[in-house]
Amino acid sequence: MRNRFDRELELLNTELTEMGGLIETAIDHAVNALFQRSEEMARATLDYDREVDHMEQTIETRCLHLILQQQPVARDLRVVSAALKMITDMERIGDQAGDIAEISLRLPANVDFRHLEHIRAMAKAASKMVTDAIDAFVGRNLSLAQSITAADDEVDRLFEQVRDDLIAIIRNDSGDAAAAIDMLMVAKYFERIGDHAVNISEWVVYSITGEHKSDEGKKQAQHA
């Protein structure tokens, strides 16, 4: 029975890694769609988003099977429960990459925001956060999971820089104000991707330690 569970858990780790790879590729394509003004890249991003949705359903089915058929206890149950929570955030990240791709499709052809390198940096940092969170889960790496919150601070800082750059464009009334608002939404989506990566990392910590960040608030409320 234990060997069977371990095999199923290994498949779960493989599928989570695959889903993470799809997300990373979707983010990369969304960025290229923006800066290369590539409709092909945008359409590919939307295809990857659909694959992410399919992977969520596959992994959810595996997790429910493990819970119902294998009846895991203690640490094993935490691992499977954490995976169920993680895939919800992972699916939303795929949606946000798709949202960015859709924005790229409606931007006017003559608008050029390639100078906004902070958006590229945001995308790279947010994508790495997602990859690190999944690697931490598969490798049971507590320190890596805990480092992701600090990485989110950098994404937030970059968002503030992008926001300030775009506000300046809007105030100058350069004729690109509407597109600048769209790009501000893009930056906001990358910020949210970072937030979802933090959520994933917190479930990784829970799977390893049995403690979730939300438990801290409950304890503080009890002692208040």
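Residues numbered from 1 in each chain as written. Predicted model: local features only at pLDDT ≥ 70, side-chain atom pairs only at ≥ 80, totals over all residues. Heavy atoms only, no water.

### Notes on the overall build of the chain
The condition that has to hold: Segments assigned H or I by DSSP are reported as helices when at least four residues long, segments assigned E as strands when at least two residues long, and all are numbered from the N terminus. For every residue, the accessible area (1.4 Å probe, protein chains only) is compared with the maximum for its type, and the residue is labelled buried under 20%, exposed over 50%, or partly exposed between those bounds. Contacts between residues were defined by any pair of non-hydrogen atoms, one from each residue, lying within 4.5 Å. Note on areas: these come from Shrake-Rupley sampling with a 1.4 Å probe, and a residue is covered only by the protein chains present in the view.
Within the chain, the secondary structure is distributed over seven helices and zero strands. C-alpha extents for the chain along the principal axes are approximately 65 × 45 × 25 Å. Across the 224 residues of the chain, 46% fall into the buried class. Restricting the contact set of the chain to residue pairs at least 6 apart, pairs at least 24 apart contribute 83%. If you sum the accessible surface of the chain, you get close to 11,400 Å²; carbon and sulfur atoms cover 48% of it.

### Quick word on the environment of Ala83
As for its position among the elements, Ala83 is in helix H3 (residues 74-106). Taking relative accessible area as the criterion, Ala83 reaches 0% and is therefore assigned buried. A sequence separation of 124 residues divides Ala83 from Ser207, and the C-alpha atoms of the two residues are 8.5 Å apart. Discounting chain neighbours no more than four positions away, the residues touching Ala83 are Leu12, Leu16, Cys63 and Phe137.

### Here we look at the packing of aromatic side chains
Within a pair of aromatic rings, the relevant descriptors are the distance that separates the centres and the angle that separates the planes. Test applied: Stacked, tilted and edge-to-face pairs are distinguished by plane angle, under 30 degrees for stacked and over 60 for edge-to-face with tilted covering the rest, among Phe, Tyr and Trp rings (Trp via its six-membered ring) whose centres lie within 6.5 Å. Charge-over-ring contacts are defined here by two conditions on Lys NZ or Arg CZ: a distance within 6 Å of the ring centre and an angle within 35 degrees of the ring normal.
On inspection of all chains with the given rule, the structure shows one aromatic pair. Measuring from centroid to centroid gives 5.4 Å for Trp203 and Tyr206, while their planes differ by 85°, and the two rings are edge-to-face. Remark: Tyr206 and Trp203 occur in helix H6 (residues 177-209); sequence separation between them is three residues, near one turn of the helix. For Arg140, the ring lying beneath its charged end belongs to Phe137, and the centroid distance is 5.8 Å. For Lys188, the ring lying beneath its charged end belongs to Phe159, and the centroid distance is 5.1 Å.

### Side note on the packing of helix H4 (residues 117-139) against H6
To keep things clear, this is the line we draw: What counts as an axis is a line fitted to C-alpha atoms, over the stretch in contact for a helix, and the angles between N-to-C directions run from 0 to 180 degrees. To sort the angles, those under 35 degrees are grouped as roughly parallel, those over 145 as roughly antiparallel, those from 65 to 115 as roughly perpendicular, and the leftovers as oblique. Left-handed describes a crossing in which the near helix is turned anticlockwise from the far one by less than a right angle; the clockwise case is right-handed. As a working rule, the residues Ala, Val, Leu, Ile, Met, Phe, Trp, Tyr, Cys and Pro are called nonpolar, Asp, Glu, Lys and Arg charged, and the rest polar, with Gly in that last group.
Packing of H4 against H6 brings their axes to within 9 Å, and their N-to-C directions diverge by 15°. When the interaxial angle is binned, H4 and H6 end up roughly parallel. Crossing angle aside, the handedness with which H4 passes H6 is left-handed. Split by residue class, the contact of H4 with H6 holds 18 nonpolar, three polar and one charged.

### Observations concerning the side chain of Glu191
Its place among the elements puts Glu191 in helix H6. Sequence-distant contacts of Glu191, defined by excluding residues within four places in its chain, comprise Met122, Val155, Asp156 and Phe159.

### Structural notes on the confidence of the model for the chain
Quick reminder of the rule: As a per-residue quantity, pLDDT reports the predictor's confidence and falls between 0 and 100.
Residues at a pLDDT of 70 or more form 92% of the chain, whose mean pLDDT is 89. This model gives residues 220-224 a pLDDT under 50, and the stretch forms zero contacts once residues within four places in sequence are excluded.

### Quick notes on helix H1 (residues 2-35)
Spelled out, the test is: Expected helix span is given by 1.5 Å per residue-to-residue step, counting one fewer step than there are residues.
The end-to-end C-alpha separation of H1 is 50 Å, in line with the 50 Å expected for 34 residues at 1.5 Å each. Taken from the residues just after H1, Arg37 is the one with a positive phi, measuring 50°.

### Comments concerning the environment of Glu51
Position of Glu51 among the secondary structure elements: in helix H2 (residues 39-70). By relative accessible area, which is 39% here, Glu51 ends up partly exposed.

### Observations regarding the environment of Val80
Checked against the element boundaries, Val80 lands in helix H3. Residue Val80 is classed as buried on the basis of its relative accessible area, which comes to 0%. Separated by 20 residues in the primary sequence, Val80 and Glu60 place their C-alpha atoms 9.6 Å from one another. When residues no more than four places from it in sequence are discounted, the contact partners of Val80 are Phe5, Cys63, Leu66 and Ile67.

### Looking at the side chain of Asp76
Note on placement: Asp76 falls in helix H3. Each residue touching Asp76, except ones within four places of it in the same chain, is listed here: Arg2 and Phe5.

### Topic: the packing of H2 against H3
Relative orientation of the contacting elements H2 and H3 amounts to 165°, with a least axis distance of 9 Å. On the basis of the axis angle, H2 is roughly antiparallel to H3. For the crossing formed where H2 meets H3, the hand is left-handed. Taken together, the residues of the contact of H2 with H3 break down into 17 nonpolar, five polar and nine charged.

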